[in-house]
Amino acid sequence: MGILDGKRILVAGVTMDSSIGFATAKVAQEQGATVLISNFGRALGITRRIAKRLPVEPPVLELDVTDEEHLARLPELVREHVDGLDGVVHSIAFGNPETLLGGKFMTGPWPDVAQAMQVSAYSLASLARACKPLMGSGGSIVGLTFDATVAWPAYDWMGVAKAGLESCSRYVARDLGPDGIRCNLVSAGPLKTLAAKAIPGFEELESMWSTRAPLGWDEKDQTPTARAVCALLSDFFPATTGEIIHVDGGFHAMGA
Ligand code: NAP
């Protein structure tokens, strides 16, 4: 018996097998869920190849969260495979590394900041809105953040986008709670994924974790984060919404 037996789950944002979304899809399948995954644009072909590495090859849907047409047709695409959704994972972020990250905070241009905000924060509400008709009997939405309560080296405008995402999650929780839909985030420590490698200076964060996280931290192991996402997707957090669960080896709780 798995904690997600019988659950139908969409994981949005899987590119490589290093993606947090990939690890989440894997754990969700191991826990009994029927999983669909999505990605967008040129990387869709990579996602289709990577999907074969999961225990069960899932359907791969095309979804650019900034494209209103993609969002509008999402319920139809999902219904080609399952008759509804019990869980949705938002594992999506983008910020131009050349203009917004790695010490570029004071010069970040608005069009790039606007794109980062749309893809990384606003899209949680867009995805929730698109999936709501599929979640007739309630469900769970889970997103991924990097602790936005403080300023970090290198993270720059992505930190501001994550603060937006964290607030957005609370408002989604407020507005969809009456429909039985929960919305929570997992705040992960630094993990070696495509998105992280694109951030100039991300190694500085990784080295802080190696000395300060009381439980230690393996930046190559996406599984603890994936398991927390799956726990939030399951029926084991029925009264939890608008919450942020840290999966960071305990780093956030240490003063120094
Ligand atoms: P990842 O593998 O690069 O995943 C990010 C995904 O977002 C990619 O599949 C990317 O697609 C997708 N994406 C970007 N723009 C999109 C759009 N317009 N529409 C749909 N999908 C889009 O990196 P990851 O680290 O697993 O990131 C997953 C989530 O975890 C992100 O929210 C990230 O901020 C968060 N997180 C990561 C870390 C870390 O250290 N890695 C720590 C805490 C939180 P393409 O590859 O095709 O661009």
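Located above this text is the structure these notes cover.
Residues numbered from 1 in each chain as written. Predicted model: local features only at pLDDT ≥ 70, side-chain atom pairs only at ≥ 80, totals over all residues. Heavy atoms only, no water.

A. Inspection of the packing of helix H1 (residues 20-30) against helix H8 (residues 223-233) at higher detail. It is at 8 Å that the axes of H1 and H8 come closest, and there the two elements cross at 60°. Looking at the two axes, H1 sits oblique to H8. For H1 against H8, the interelement crossing comes out right-handed. Residue-level contacts link Ile20, Ala23, Thr24, Val27 and Ala28 of H1 to Thr223, Thr225, Ala226, Arg227, Val229 and Cys230 of H8. Residue classes in the contact of H1 with H8 are distributed as seven nonpolar, three polar and one charged. (Axes fitted to C-alpha atoms, helices over the stretch in contact; angles between N-to-C directions. Helix = DSSP H or I, 4+ residues; strand = E, 2+ residues; numbered from the N terminus. Parallel < 35°, antiparallel > 145°, perpendicular 65-115°, else oblique. Left-handed = near helix turned anticlockwise from the far one by under 90°. Contact = heavy atoms within 4.5 Å. Nonpolar A, V, L, I, M, F, W, Y, C, P; charged D, E, K, R; others polar.)

B. Up close: the packing of aromatic side chains. Applying the stated criterion to the full structure yields eight aromatic pairs. Ring centres 5.6 Å apart and planes at 40° place the aromatic pair Trp152 and Trp209 in the tilted group. Residue Trp152 is located in the loop between strand E5 (139-145) and helix H5 (156-176), and its partner Trp209 is located in helix H7 (residues 202-212); the two are separated by 57 residues in the primary sequence. Linked through ring pairs, Phe146, Trp152, Tyr155, Phe202, Trp209 and Phe251 together constitute an aromatic cluster. (Phe/Tyr/Trp six-rings, centres within 6.5 Å; stacked < 30°, edge-to-face > 60°.)

C. Region of the structure containing the pairing of strand E1 (residues 8-12). Across the five residues of E1, five count as buried, placing the element largely inside the fold. Bridge analysis of E1 against strand E2 (residues 34-39) gives five bridges, and the strand direction is parallel. Its bridge partner lying in E2, Ile9 is registered against Val35. Since E1 and E2 lie parallel, the crossover through H1 that links them has a hand, and here it is right-handed. Where E1 meets strand E4 (residues 87-90), four bridges bridge the pair, whose relative direction is parallel. Among the inter-strand pairings, Leu10 is bridged to a residue of E4, identified as Val88. (Buried < 20%, exposed > 50% of the residue type's maximum accessible area, 1.4 Å probe, protein only. Pairing = 2+ DSSP bridges. Right-handed = clockwise from strand over helix to strand, strands pointing away.)

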